[in-house]
Amino acid sequence: MVSQIVDCMKKVRASMGTLGVLGLELVQMDTPPTTAYLQIYTEKRCMANCQFCAQASGSSADITHIARGMYMPFDLEAVVGRLKIAYERGYLARACIQTALYNTWWEDTVYLIKRIREESQIPISLSVFPLSKIRYEELKKLGVNELVIPLDACTPGLFDKIKGKTTGGPYSWEKHIEGIKTASLVFEKVGTHLIIGFGESDEDAIKVISDLWNSNVNTALFSYTYIPGTQSKPSDKTESETIKHYRKVQLARHLILEKLAFYSDMKFKDGALIDYGVQEEVILNIIEDGKAFQTSGCPGCNRPMANETFSKIFNFPKKPADVEKDIIKNDLGLQSKI
């Protein structure tokens, strides 16, 4: 335990894009991240066994991966010092800390938050598994502004399959939902993550987004990204099927969050969304605005190239250009005249 804490005092994992913005690595970027993406440092694999995760206990993938992103070990003091400057100069709007489950994760997480807060008032988000109310309260006192408890899966059955009891991991759908509700008693802003592409239907995804939003919980969307060496499998869907499903969920999420439509207004056939519950003009305006298809999450989060390749963008890190709006229309199966 002592050795691990000493390591945490020296190092932190940071995404390559973050290191580029901080001026600690030379990174060519089309769109720089507006959030510093960090992870507590450990050389051990996570004790959980989420099938899609490179860091899972049963994974043989490169431990530096979170989806397509690479989180590299770096000197903690250098990162914290540059973080202060980047925030003050407006390069970064937020720091997002990812956790992992291992013996000293709590001590290491607390230490990292304290070091950031000692140097800077940059807003801090923490992505973590369900905790006790006492620990939520401690995190808030330390300076965490927003808390995220990732569900990842859209249904209890899928949750069990990808990160629950079936995987031999410690998580359950019920405890995650309870953890989110408990966190909402402490934090003004609580969020979760859904990974779209595990076999859920349009309706599965949209219903859980609606249910959570009714409890004031914001859902950030990720596309499923297969990483070689992880225990999950590549999707058997075609690229057009995958992106159409994702776009429909993005659009429905936006309608719900903006109170332009409700889940009860929408119509489904065999789980597929066939009616958004709004006029076509509303959809046209949303596509023109582009916000619905940008990265969702905490304020200031744009996650460039976290799930993407240059040939297929699921979450646009900035306002889509006109040509990208045409691509979105095509993804949704809309006619070019729209």
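Residues numbered from 1 in each chain as written. Predicted model: local features only at pLDDT ≥ 70, side-chain atom pairs only at ≥ 80, totals over all residues. Heavy atoms only, no water.

**Section: the packing of aromatic side chains**
Piece 1. Going through the model one piece at a time under the given rule, you end up with 8 aromatic pairs.
Piece 2. Aromatic pair Tyr263 and Phe268: ring centres 5.7 Å apart, planes at 40°, arrangement tilted.
Piece 3. A residue is classified by how much of its surface remains accessible, and Tyr263, at 22% relative accessible area, is partly exposed.
Piece 4. One aromatic cluster is present, built from ring pairs that chain together Trp105, Trp106, Phe129 and Tyr171. (Phe/Tyr/Trp six-rings, centres within 6.5 Å; stacked < 30°, edge-to-face > 60°. Buried < 20%, exposed > 50% of the residue type's maximum accessible area, 1.4 Å probe, protein only.)

**With respect to the sheet that holds strand E6 (residues 124-127)**
Piece 1. If you trace the 9 strands from one edge of the open sheet to the other, you get E3-E4-E1-E2-E5-E6-E7-E8-E9, paired in mixed fashion. Strand pairing shows two members of the sheet lacking a second neighbour, strand E3 (65-66) and strand E9 (217-223), which therefore form its edges.
Piece 2. Here helix H5 (residues 133-142) sits on the sheet and contacts E6 and strand E7 (144-148); the angle it forms with E7, its principal contact strand, is near 140°.
Piece 3. Contacting strand E8 (189-196) and E9, helix H8 (residues 202-214) runs over the sheet at an angle of about 150° to E9. (Pairing = 2+ DSSP bridges. Helix = DSSP H or I, 4+ residues; strand = E, 2+ residues; numbered from the N terminus. Contact = heavy atoms within 4.5 Å. Axes fitted to C-alpha atoms, helices over the stretch in contact; angles between N-to-C directions.)

**Re the packing of helix H9 (residues 239-257) against helix H10 (residues 280-289)**
Piece 1. Relative orientation of the contacting elements H9 and H10 amounts to 105°, with a least axis distance of 12 Å. Considering the angle they form, H9 stands roughly perpendicular to H10. Only Val282, Ile283 and Ile286 of H10 make contact with H9, whose side of the interface consists of Leu251, His254 and Leu255.
Piece 2. Here the contact of H9 with H10 is built from residues that sort into 5 nonpolar, 1 polar and no charged. (Parallel < 35°, antiparallel > 145°, perpendicular 65-115°, else oblique. Nonpolar A, V, L, I, M, F, W, Y, C, P; charged D, E, K, R; others polar.)

**Things to note about the state of the cysteines**
Piece 1. With the rule as written, the count across this model stands at 0 disulfides.
Piece 2. Of the cysteine sulfurs around Cys50, a residue in no disulfide, the closest is that of Cys53, at 6.1 Å. (Disulfide = S-S within 2.5 Å.)

**Considerations on the pairing of E8**
Piece 1. With 7 of 8 residues buried, E8 is to be regarded as a mostly interior element.
Piece 2. Where E7 meets E8, 3 bridges bridge the pair, whose relative direction is parallel. Residue Glu146 lies in a different strand from E8, and its bridge partner there is Lys189.
Piece 3. In terms of strand pairing, E8 meets E9 through 7 bridges, oriented parallel. Residue pairing for E9: Val190 is matched across the bridge by Val217.
Piece 4. Regarding the hand of the β-α-β motif, the stretch spanning E8, H8 and E9 is right-handed. (Right-handed = clockwise from strand over helix to strand, strands pointing away.)

**What about the nonpolar core?**
Piece 1. Leu83, Trp105, Ile116, Leu139, Leu147, Met266 and Phe293 are the most contacted members of the largest nonpolar core, which totals 95 residues.
Piece 2. When residues in this core are grouped by element, the largest group, 8 residues, is from H9.
Piece 3. Once residues lying within four places of it in the same chain are set aside, the contact partners of Phe293 are Arg247, Gln250, Leu251, Ile286, Ile287, Phe314, Asn315, Phe316, Ile328 and Leu332. (Core = buried A, V, L, I, M, F, W, Y, C linked by side-chain atoms within 4.5 Å.)

**So, H5**
Piece 1. When we look at burial in H5, the residues that qualify are Tyr136, Leu139 and Leu142. Angularly, the buried residues of H5 cover 120° about the axis, an arc narrow enough to put them on a single face. Across H5 from its buried face, at more than 90 degrees, point the exposed residues Ile134 and Lys141.
Piece 2. Looking at the buried positions of H5, the neighbouring elements they touch are helix H4 (105-119), E6, E7 and helix H7 (173-184).
Piece 3. A positive phi of about 120° marks Gly143, the residue just after H5. (Arc of directions from axis to C-beta.)

Keep in mind these numbers describe shape, not what the thing actually does.
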